[in-house]
Amino acid sequence: MNFPELSGHSTKDALQHLHDDLQDEIRNYKITQNQINIKEKFYNSAFYHRDRKSVFHWPSCVILFTQSVLLLIGYGLAEDHRNNWVVVEFLVLLVVLIINIYITGQESRLRQSELADQVRQLLKQLQACIKHCVWTPSNYPFLYCPVSPSISLQWTYRDGNVVNLPSTLLVEGDIILLRPGQTTPARCHPLEGSTEGIGEDILEGEVYAPNIENQSEPFSQPTARQPLALKPCMILETPFRKNIRCMLETAQSRPVTVSDNEVFIVGIICIQRILVPVIFLLSLLINSLRYAFLAEDVGHWTELSIILQVHAILPLAPLAAPCMWKMLNLYGLARLITVFKEAKDVDFEPSDLDKFSTESQFSEDEIIIEFKWKHVWARFREMLSGPGLSLPRTANLVHTLGSVTSFCCIDKKGILSWPNPTAEKVFFLTSTAVQADSSSKSSTSDKRTSQEPETGDSPVNEKDTLRDPTYFPECYIEVLDLTHDMKGAFGLHFDDRSWKKHINSLKPLGLNILLNTCNMSTANSLTAFTDHISVAAMKNEDTIATVNRRCLCELARQIGFTDQALSIFDVQHHLGIYRHVPLGAAAKDKLCRSKSFVKHKIPMPNMLSIVAQEQSSGMLQLMSQGTADVLLDCCTEFWDGHELWPLTEADRKRILDFYHRTSMSSYCTAFSYRPLTQSISNELDDLYIELPEDCSHIYPSIRSPTPIRSWDIESLDGRTCKAIYHYPSADSLYSQTSCFSVQDPVECFKAQCNQIFIGMVTMQYQAKQDVVKLIETMEKACIRFVHFSKENELRSRVFSEKMGLEAGWNCHISLLSERQTDEGPTSRAESVHSGISQSQRASKISSRYSTDFEHIAKARDIHQTFSRSSSEERARRHSAPSTINIDNSQVKFSKPNQDGYNDTCDTSTLIGQSLNTTPTLTDDSQLVFDQGFDSSGTLIVEADATCYLLPSQVNDTMSQLPEGVDTAQALSQQEIDLIISHSESHKTSNTDDSMSLSNRAKLPKGIENIRPHLEQVDNVPLLVSLFTDCTPEATREMIEIMQEYGEVVCCIGSVASIHNTPVFMQADISIGIEPLYPQLCMRQPVMTDPWEECNLSPVELNVMLNNLGCSLSFGRDHNISMVHLIAEARSHCMAMRNCFLLMLSYHLTICLVQFVGSIFLLPPVLSGYHLLWLVFIVVPILSLAQMGNPVDPYTMTLASGKNSDHVTKQVVLQYIAYYSLRFFPTIAICLLCFCLTLKAMCDQVAPNPDSCHRLLGNINDTTHHSWRGWSSRHSTGHIIAQNQMLFQLVLYFVCTSLSFVNRYYNLWRRGPLSNKLWCFGAPVLIILQVIYFICDVAIQSTPDSAISVADIPVSTWVLALVWPVILIPVLELIKMQEIKLSVRYQKRAVLNFGTKLGMNSPF
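Residues numbered from 1 in each chain as written. Predicted model: local features only at pLDDT ≥ 70, side-chain atom pairs only at ≥ 80, totals over all residues. Heavy atoms only, no water.

Here's the deal with the overall build of the protein
Within the protein one finds 45 helices and 30 strands. Buried residues in the protein amount to 59% of all 1403 residues. Put simply, 83% of the contacts in the protein that link residues at least 6 apart link residues at least 24 apart. Surface accessibility of the protein: about 55700 Å² in total, with carbon and sulfur atoms responsible for 56%. (Helix = DSSP H or I, 4+ residues; strand = E, 2+ residues; numbered from the N terminus. Buried < 20%, exposed > 50% of the residue type's maximum accessible area, 1.4 Å probe, protein only. Contact = heavy atoms within 4.5 Å. Areas by Shrake-Rupley, 256 points an atom, 1.4 Å probe, with all protein chains shown as cover.)

Considerations on the packing of aromatic side chains
For the coordinates displayed, the defined rule picks out 25 aromatic pairs. With a centroid separation of 5.7 Å and 80° between ring planes, the pair formed by Tyr-667 and Tyr-765 is classed as edge-to-face. Placement of the pair is Tyr-667 in strand β18 (residues 667–676) and Tyr-765 in the loop between β20 (755–764) and α25 (769–780), with a sequence separation of 98 residues. Take Tyr-765: its relative accessible area is 2%, and that puts it in the buried class. Judged by centre distance (6.0 Å) and plane angle (80°), the rings of Tyr-1219 and Phe-1224 are edge-to-face. (Phe/Tyr/Trp six-rings, centres within 6.5 Å; stacked < 30°, edge-to-face > 60°.)

As for the pattern of salt bridges
Applying the stated criterion across every chain yields a total of 34 salt bridges. Between Arg-579 and Asp-633 there is a salt bridge; the shortest N-O distance is 3.9 Å. Residue Arg-579 is found in strand β12 (residues 569–579), and its partner Asp-633 is found in helix α20 (residues 628–633); the two are separated by 54 residues along the sequence. For Asp-633, a relative accessible area of 0% translates into the label buried. Its salt-bridge partner being Arg-1222, residue Glu-1378 comes within 2.7 Å of it at the nearest N-O pair. Taken together, the residues Glu-1378 in helix α45 (residues 1354–1394) and Arg-1222 in helix α42 (residues 1209–1245) connect sequence positions 156 residues apart. (Salt bridge = Lys/Arg side-chain N within 4 Å of Asp/Glu carboxyl O.)

Some details on empty space enclosed by the protein
For the coordinates displayed, the defined rule picks out 19 cavities of 30 Å³ or more. The calculated volume of the largest cavity comes to roughly 320 Å³. Around the largest cavity, the lining comprises 24 residues; the ones closest to its centre are Lys-53, Asp-260, Pro-392, Arg-393 and Asn-396. Those elements giving two or more residues to the lining of the largest cavity turn out to be α4 (85–132) and α8 (321–343). (1 Å grid on protein atoms, 1.4 Å probe; cavity = no way out; pocket = protein on both sides within 12 Å on 5 of 7 lines; lining within 4 Å. Points joined across faces, edges and corners; volume = space filled by probe spheres on them.)

A look at the sheet that holds strand β22 (residues 812–814)
The strand order across the open sheet built from seven strands is β22-β25-β21-β7-β26-β27-β28, with neighbouring strands paired in parallel fashion. Only two strands of the sheet have a single neighbouring strand rather than two, namely β22 and β28 (1112–1114). Taking the axes of each pair of neighbouring strands and ignoring which way they run, one obtains an average angle of 20° across the sheet. With three bridges connecting them, strand β27 (residues 1069–1073) and β28 associate as parallel partners. Residue pairing for β28: Ile-1073 is matched across the bridge by Phe-1114. (Pairing = 2+ DSSP bridges. Axes fitted to C-alpha atoms, helices over the stretch in contact; angles between N-to-C directions.)

Some words on the confidence of the model for the protein
For the protein, the mean per-residue pLDDT works out to 77, and 74% of the residues sit at or above 70. Below a pLDDT of 50 lies the segment residues 440–473, which in the model reaches 51 contacts outside its immediate sequence neighbourhood of four places, other chains included. Counting interchain partners and residues more than four positions distant, the pLDDT-below-50 stretch residues 822–999 has 401 contacts. (pLDDT = per-residue confidence, 0-100.)

Quick look at the environment of Gln-118
Considering the arrangement of structural elements, one finds Gln-118 in helix α4. Taking the C-alpha atoms as reference points, Gln-118 and Ser-390, 272 residues apart in sequence, are found 9.6 Å from one another.

Quick notes on the pairing of strand β9 (residues 476–484)
Most of β9 is tucked away, with eight of its nine residues classed as buried. As defined by bridge partners, strand β8 (residues 422–430) adjoins β9 across six bridges and the pair is classed as antiparallel. Following the sheet pairing, Lys-425 is matched in β9 by Asp-481. Where β9 lies against strand β10 (residues 492–494), three bridges are found, and the strand directions are antiparallel. Residue His-484 lies in a different strand from β10, and its bridge partner there is Leu-492.

Here's the deal with helix α37 (residues 1032–1044)
For an α-helix the count is 3.6 residues per turn, leaving residues at separations of three or four pointing the same way. The end-to-end C-alpha distance of α37, which contains 13 residues, comes to 18 Å, matching closely the 18 Å that a straight helix rising 1.5 Å per residue would cover. Looking at α37, one finds that the buried residues are Ala-1034, Thr-1035, Met-1038, Ile-1039, Ile-1041, Met-1042 and Gln-1043. (Expected span 1.5 Å × (residues − 1).)

Describing the nonpolar core
Of all hydrophobic cores here, the largest spans 98 residues; its most connected members are Leu-401, Val-426, Leu-555 and Met-1122. Looking at this core element by element, the count peaks at nine residues for α8. Leu-401 has contacts with Leu-336, Cys-1050, Ile-1069, Met-1122, Leu-1125, Ile-1126, Ala-1129 and Arg-1130, leaving out every residue within four places of it along the chain. Grouped together as the second largest cluster of nonpolar side chains are 92 residues, Ile-313, Trp-1173, Ile-1280 and Ile-1347 included. (Core = buried A, V, L, I, M, F, W, Y, C linked by side-chain atoms within 4.5 Å.)

Focus: the pairing of strand β21 (residues 784–788)
When a strand is regular, its side chains alternate between the sheet's two faces. The buried count for β21 comes to five of five residues, which makes it a mostly enclosed element. Burial along β21 is two-sided: the face carrying Arg-784, Val-786 and Phe-788 and the face carrying Phe-785 and His-787 are both buried. Summarising the sheet, strand β7 (residues 406–409) and β21 pair through four bridges and their orientation is parallel. Its bridge partner lying in β21, Phe-407 is registered against Phe-785. Note: β21 against strand β25 (residues 1026–1028), two bridges, orientation parallel. Across the sheet, residue His-787 finds its bridge partner in β25, namely Leu-1026.

Some points on a nonpolar patch on the surface
There is a patch of nonpolar side chains on the surface, built from Ile-1177, Ile-1181, Phe-1320, Val-1324, Ile-1327, Leu-1328 and Ile-1331 and spanning about 580 Å² of accessible area. Where the nonpolar patch is concerned, the elements lending two or more residues are α41 (1168–1184) and α44 (1316–1340). If one sorts the elements of the nonpolar patch by residue count, α44 sits on top with five residues. Mapped onto the fold, Ile-1181 is located in helix α41. (Patch = residues over 30% accessible without salt bridge, like charges linked within 9 Å, V, L, I, M, F, W, Y side chains within 5 Å.)

Here's the deal with the environment of Gln-1377
Relative to the assigned elements, Gln-1377 resides in helix α45. On the basis of relative accessibility, which here comes to 35%, the residue Gln-1377 falls in the partly exposed class. Separated by 159 residues in the primary sequence, Gln-1377 and Tyr-1218 have C-alpha atoms spaced 9.6 Å apart.

What follows is the structure, given as structure tokens:
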């Protein structure tokens, strides 16, 4: 693997190069931004009137500036400057304008440079890392760490050593080693010193697929192949530069949040652009008419034409709202980050995670996290002053989590699942003798006797019967289920408590696992063989390389082995065998799969063996594992736990049926072994053996003939059967050749034949329990959890069901584009039939092999290839799952219930037992049929299990063929191609396989067909929870489609993958999760040496770089429960919506009070400084008090609306109706009290009470432009009336806010005491208003005035104080109706959320 002449970058040089490249990207981005003209900069700024992320635009500036100027003009044109408060109003408005401009400009600048500033902060940490960090090879992930799509790693030379470097840290000039079959991480150039020499540049994304030596030459015997070599290349560009470029270019293009859209529509469009001009013009019209017709009853013309209009629209001007909006957003984010920091370290017991509640409500303990307010304040100040680590301005975390509708996960391994697959089933065979022995102590004679054949009237001796195999079926299949332990990545245990009765059958399996699977000395050989197989599989597009060698140490430990078992063996050789799927088999399987809705590639047959020598005896043992087809061909006997029995064709069929069934949805590995009498030459360690595609002629001449069992010949009687039957002998295990060393490939292959079949193990990725709990929580919160799976439909559905997602009909869509399939290379049969081969690049780098011309003759006569071998031979050879027996649809389970076997495994005893040839039968026996197979070996399936059948059309076609005629004989190649072409369409069937296939729901297939389906058919693609066959490009486009249709998308994915950046930047917000790293063996850690916390490790630096586009990031050991964050965000968003809705209502009320007062010809009901008091003190205090509500579990059950149709006509009409019911009576009461007070004051000062008009005041007062004396001689009475009016408004506002504290509960269900902020703010505000009342009257009253507060009539006080008693019940009745409407809407939303019925629904 090493090339002595290559050394690569040093760690410091590489990190400095990475630092310079990232800094160069920041510099280029800044240059690009500086080159933008002023017009474009204005369009991109927050002041642009179409910017929905801003609440203060240039029209807002115009409104405030115009008001300020009008106030100054009105004050300057007045005859006397009695009202000096106008100047104060002018100054206040001017200061507010300046503050809002500064805050908006600052936020705009921080938003546009936020990501660049975050990169600069990271560069500072990188610079510190360059100075202090010294990385050794042990600090990198293990070199032979299994490949995971969630983690991007690359073999790279650093400091002269080959390390497994995260792809994010690659830089220009790095020397990498391309493994055969690997996709290139970046554009690179081959170097001298490689076996391939120098070639042209290799583009990013191309697959390194060198030609296998002499592969094009035909052969009929086992042939040696040289392992494919690694290819050293030089990286020509830093791959992470394009990621940084993507982040910087797309940071400002994320969708606008629901809250921002609502504020823009209501606050900007409805109020500032519609309501403000309308009220201004109407007020101007009314006051102009008053001045024209009632000039003696009003004030100065400047007051009527200028001041009153400014006062009328002053509450609707953007005064305190923009600043409050920014501050509350930052406060909510600071609080959310604090909750995140506290919640991610909360440890939940597995027992708690396993409790799935059927209740729709959440408890407070589930969603509430205690935190310290000083942490919130510290983070608030940090984000207020500059860029934050959670991207508060480019991706508003609070708004998005508060309204999220889709929770998408783009990675599986290490995030949704444990990083390593764990054993799920153990398959092995047992014979009649073992079954009889295991049941000897149970009283099952009735069942056993029923199995005996009738032999006339003569009784059958029970002991002779047990020893006579004529009376028993050929063998039994045992399948032991295992359950993964949720506490760790590798823990498991047997489900059957009596599993130890099979301990003798499991011992060879455990030893094989330790010596072959979990032996670190075989890691290099396994990696090389895996790479070689991956390239060889590219010869046929329908095959895929599967070398399922993963850690099974825990299974071996459960069986009874310890790590010391390896110490008595020395591994000497590593042998690899593989072969291609026959051309006829591939073509026939492609025909079957084209008509089936199960898309499954054929696993390439392969087998990896090790030769181990026992130290004490010197005996050689061959331990093999691989795919069941090729491994079973090398086996002649099976081990039943006590002795050896020959394998019949029926046995092989049962084994292959199980393998084919399980390999489609899990990872199935077969195991075998045999003792060796010959040593293997060391020269064969560097070679692999390729078998011919049709190798049926090889095995009969090599392996011992399979003995014919008595029950295989039905026509023979009992005596003939007994004569034919013979016990297997250990001599059959040994080759008939000499005992000298094996030198050539043919002899090496012969040495690997005549093996003993041990069993099979199926492995599956298990869902993490916290993820299962998370999905359950999302479902209850009406948030759709969407899994973008990179695997095919079948594997994805199986895992999705483990997570708790629906995966039946209408529940999953494949994003595999048809153009990808059409543009890809065709199979050999198709290429030969068309007579045209695909053009490939001249270099050794390609994504698929060219057509092999040596098979043209075979392809032209494909039906002969199909009919060459019998159906049993095809069942033995094929890896395709198309030969699965599906005749039955019911399974009967009957498990043995005896245990008491020894736990320990003595290796010497095991080897000795493997050579024992004498069968031992006890007097008692029990026949037990295991799950999945009947007594004849036919695979049977439960009714509720998933069956993958061929469509009825194929069955009908095959049923019409004459008996004995093979499908390939009846169908020509042209017909096969025609059937395939007609069966492929843009529709895929996603119906549950156990359902009737006559009326399946049809969904689009391929990302290019999603939009047409949504436009022309239905919206089901937006409702599914599983997308399969996903690529980063297809995932990004699908998320974009979801956003186009109003979905708010939160994306979670691996921050160890360099390919996730575009998807992260497309989503509304992204949350990075550091995945768990896969391990080749549980005894081999991911990183050899622990890392010092003070410095960055390579993995940590990789995570920090990929996390730049994410708002949050979880570590490997953190609790990723999002319920706390979503509950906090929802509560904050609802509180903000409640806060600004209440503020809007108050401002409208203040406006309407003045406007209605003008209509009724009243003098100014409120002065300018009264308006400032209300707008800047009273309304903000009562509105902000709504933010004091604690997190309510009820909010987690509410369905969030989509990010479209934010403010509909129905919503506007509903708000107007409820606003009218709430505030119009209050406005009427206030104005009535105002009139009564003025009337009482007028009666006090007027010489003749009859001269006091109820609206105009003292009509006999002739003071010019003084509102009939209210602004001059009798101003004290006017001031008292205004302050009483102000006090009433504040009192009624407080009462109204009481109804807004708990919007979803009436007072008798939940009182306001839970809101401590309101409980403190409301009484304080009442006290402040009383103080304000006293001070204002005392300051503004004239000394010689005869009017005082005591002159306010008692009836006015009674009316003013009685109205709140009536108002509060009225408000509660209105709220009750609102709650009913909300519940009705929520029920409809929940129904829509859970419904996936589309146009093609079968229901």
